[in-house]
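# Coordinate inspection notes
Given next are the chains, with one letter for each unit.
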Amino acid sequence: MAGGRRAAGLALGWGCCLLLCCAAASKLEVSTPAVVEVESGGTARIECNFYIPGNDSYTYIDWSYIDHNNRVRLCRIMGGKLLEENTDYKGRLSVGEDKALSISRVTVQDARTFVCQVGAGSYGTGENHTELHIYKVPEAPEIVANTGGVSVQSSDIPQIAQCVSRNSFPPPNITWHKNGEQLQPEEKMVKIPATLTRESSGLYTVSSTLFAHVTREDRNSLYHCTVHYWLRGQRHAAESRRVNVTVYYPAQHVKLQVMPSSALVKEGDDVKLVCEADGNPAPVFSFYKRGLAGIWQDLTSLADTNSGVLNLHSVNKNSSGLYKCQTLDLDDMTQLEKDVELVVNYIEGVRVKMEPSSPLREGDSVKLSCNAHSPVPLNYQWSDEEGRKVTEGNQLFLNNLTFETSSNFSCKVIAPSVPGLEQSKQVAVAVQGKPRIVAISSPLYVRQDEVVNLTCKAIAFPRPSVHWNVNGTAHEYVENQHIASSLTVRVNHDLLRAGAMCRVSNALGVSEKHIQLLDQKTPESKGVIIVAIIVSILVVAVLGSVIYFLHKKGKMPCGRAGKQDIARNTSI
């Protein structure tokens, strides 16, 4: 019995399968894609494939769409002809040989359900549906930062920036990021409200605003927004540019410094006291200097209170002291202050002492001592009036003085630790003595009645006077301890015979020297004889050359005949 029931059941199963296969093979089948995605402005193509038993031909093919649960026919294909209905799609439809429906210039309003229905006579009708999805890639997001700035002390959550994405379909969503990290809404700290607007074109505009509390560390933070959208089943994103927001915060520290460095300031320099605070915006700056009895003197009127700079021009030692910068934050009225010591380096009281201080005579010795006062170590250099360095140290020894030693010596006082800080003092070393004649124009060759200059140069101190024992026009030239006199005279017989006397005198003595004048006749006659001898030698040389030349050319017969006689005698 059991075996009989199993056999009967198996036969029944095969029978059902056979009936189903036969039923499927005898039924009209229509297939279309479930979803078709097209970008707005493009062309949508929806295929419609069908199977008619026995490969019979269709009676008609209708394309339609669903509008609020109503079916609206677009066109009918019947007898190989396309019959297009008068709808909003007229002029944008086409049907291919494979009966696929094409819709050109699609818009977001075309996103609906389309139906392909096939009629096949006795086999009835069959249909299938396709969802047409339209998409539009959003434009690049536009971000606008808060131009007014944001305060860390704001009680309300301040606005950081706004982000807008235009012309997209379907609507995207926007996320916010700070320094690359995504921000999430957080109660009382971060808010991200958004608005969605559908334009007349059917496209969407999405706007998102970021509200967030900030700290002083956010002064360098960069914010951006990202638009996320779906395309062909995949998630895509587009980022905005990065923006920075001005952050306002009170100062926590203040710094006051001297520029250039306080260690290098010297008298005559222009100095800046620069006060800096780490708040934004910068606070209001005030400057003070501590005076006598610890009373602070207000110097704010001399400063730029916005930039925090106090300018001190051509400082001196009285400019040294303690300076203070004070800041005031106008938001919370908090004050900070900082002080700095200004040291102005200087050299004063430069003096030169000469020992002995009594008048100096030739052969004497003298010691020059140079001293000055300064808060920094000093070096000393000595140089002569030509600027040549003589020695270093604060003392200069001069031995065995002469008139030539007399000069103006300079003591230069230098502060090596402060470049450019130096002062100089000059002293005159004058060696006194009677005049000494050092040069005269003697002997001097002259001619009778000739106008000549007689010169006499001497050295002495105090300044001497020069006298001549002959009459003429005298001119004097003085340079330091030197004096030169030039006497213009006409030569006569008495001057040739006696010459001239130069006499130089001062309070300490007299010196004189004789100038000898010689007549130029004797030297002139000697010159004539020498010239005559030279001319005679030249004449003899020219005559000898002429005789030799004529002899060579055969123009002297006596010479040739004599030569022939000699030759004849030799042959005998």
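Residues numbered from 1 in each chain as written. Predicted model: local features only at pLDDT ≥ 70, side-chain atom pairs only at ≥ 80, totals over all residues. Heavy atoms only, no water.

Every disulfide links exactly two cysteines, by a covalent bond between their sulfur atoms. Per the stated rule, a full pass over the model turns up five disulfides. Two residues, C163 and C225, share a disulfide whose sulfurs are 2.1 Å apart. On the S-S bond that ties C163 to C225, the torsion sits near 65 degrees, and the link is right-handed. With C163 in strand β14 (residues 159–168) and C225 in strand β20 (residues 223–231), this residue pair connects regions lying 62 residues apart in the sequence. Each member of the pair, C163 together with C225, is buried. (Disulfide = S-S within 2.5 Å. Helix = DSSP H or I, 4+ residues; strand = E, 2+ residues; numbered from the N terminus. Buried < 20%, exposed > 50% of the residue type's maximum accessible area, 1.4 Å probe, protein only.)

A word on the pairing of strand β35 (residues 389–392). Regular strands place their side chains on alternate faces of the sheet. Sheet topology note: the strand β34 (residues 379–383)/β35 ladder contains three bridges and is antiparallel. Counted as the bridge partner of S383 is K389 from β35. The turn joining β34 and β35, which pair antiparallel and follow one another in sequence, is formed by five residues; a positive phi near 90 degrees is taken by G387. (Pairing = 2+ DSSP bridges.)

Our focus in this paragraph is the sheet that holds strand β33 (residues 366–373). Pairing is antiparallel across the open sheet formed by three strands, whose spatial order is β31-β33-β36. The strands lining the two open edges of the sheet, one partner per strand, are β31 (348–355) and β36 (395–398). For this sheet, the mean angle separating the axes of adjacent strands, direction not counted, is 10 degrees. Both β31 and β33 contribute to a ladder of six bridges, which runs antiparallel. Note that in β33 the partner of R351 across the bridge is N371. (Axes fitted to C-alpha atoms, helices over the stretch in contact; angles between N-to-C directions.)

What is shown is where atoms sit, not what they do.
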